[in-house]
Amino acid sequence: MRLNKYISHNSKYSRRDADKLIEAGEVKVNKKTMLDFGYDVQDGDIVSIKNRAIKPRKQGEVTVIVFNKPKGVLVTKKDDRGRATIYHKLPGKFRHFIPIGRLDYASEGLLLLTDAPEVAQKLMESSLPRTYNIKIDKPLNKDMIEAMQDGMILDDASAGAHEHSSITHMEFAPFAAFEFRGTTGKYTKLRVTITEGKNRELRRFFAHFGATVVDLKRVAFWEVELNNLPTGKTRYLSHKEYDMLHKFLKEKKR
């Protein structure tokens, strides 16, 4: 593993930070200053930063964080239009982390990220519940309720999609749960739980009934909840949440 990647993988520093530390002569390998950015760390090497040895992460150890994504931020590495991405908001040590699913530009709330690609893939492809607080600009009606209960198939689900999306056909599974939470003027507030993470799924679903989702906030992924985490801030999973994750991954290996 390249030296900068080794440092970012096993410490609080990002790869960019690691490069700066190497350049400044703050990194040693086996007690010797290492200025070679391309050095390949070997088993048994002792890497230290500012004379403090890095403790290598145990094989199979996974880090997952919760990020409260703000509105107006993209879940992507770069944007050709120069818009802000989550990586502009995340602390440097998390800028190599992979998002587990997505929230669109206008959406906010809980976003999980991990340093383990295989874990991200397993969670994204799972049918674990995702819970959202949403506000639509129409009253809740019988057709919406039946579709939430029974699911539906749309040959043309382009309403509510991004203008450049090539996805039209979409199948919507029955919602795992939904709760009416009141009205404000013409707006209806709902809490819904779905078991999929398809492209702008909730916006497409309600657009079929002529309703626009004007607010969308993910408040939970599985048993991991946003709670009072401030917008733009991160936290690590709790011990209980890690235990749950390890159990899930173990079951997936069977």
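Residues numbered from 1 in each chain as written. Predicted model: local features only at pLDDT ≥ 70, side-chain atom pairs only at ≥ 80, totals over all residues. Heavy atoms only, no water.

**A look at the packing of aromatic side chains**
Working step 1: Under the definition given, this model contains seven aromatic pairs.
Working step 2: Both rings, one in Phe94 and one in Phe97, keep their centres 5.2 Å apart while their planes meet at 65°; by these two values the pair is edge-to-face. Take Phe94 and Phe97: they sit in the same class, and that class is buried.
Working step 3: Cluster of aromatic residues (ring-pair linked, three or more members): Phe172, Phe175, Phe205, Phe206 and Phe209. (Phe/Tyr/Trp six-rings, centres within 6.5 Å; stacked < 30°, edge-to-face > 60°. Buried < 20%, exposed > 50% of the residue type's maximum accessible area, 1.4 Å probe, protein only.)

**So, the sheet that holds strand E4 (residues 52-53)**
Working step 1: Read across the open sheet, the four strands follow the order E2-E1-E3-E4; overall the sheet is antiparallel. Both outer strands of the open sheet, strand E2 (32-33) and E4, are each paired with one neighbouring strand and no more.
Working step 2: When strand E3 (residues 47-49) meets E4, the two strands line up antiparallel, connected through two bridges. Looking at the pairing, Ile49 lines up with Arg52 of E4. (Pairing = 2+ DSSP bridges. Helix = DSSP H or I, 4+ residues; strand = E, 2+ residues; numbered from the N terminus.)

**Regarding the environment of Arg95**
Working step 1: The residue Arg95 is located in the loop between helix H3 (86-89) and strand E6 (98-100) in this model.
Working step 2: What makes Arg95 partly exposed here is its relative accessible area of 36%.
Working step 3: Between the alpha carbons of Arg95 and Tyr13 there is a distance of 9.6 Å; along the sequence they are 82 residues apart.
Working step 4: A polar contact of 3.1 Å, which involves the side chain of Arg95, links it to the backbone oxygen of Tyr87. (Polar contact = N/O pair within 3.5 Å; in protein donor to acceptor, adjacent residues only side chain to side chain.)

**Structural notes on the environment of Glu171**
Working step 1: Here Glu171 is to be found in strand E10 (residues 170-172).
Working step 2: Residue classification places Glu171 among the partly exposed residues on the basis of a relative accessible area of 43%.
Working step 3: Sequence spacing of Glu171 and Ala157 is 14 residues, and the spatial spacing of their C-alpha atoms is 9.0 Å.

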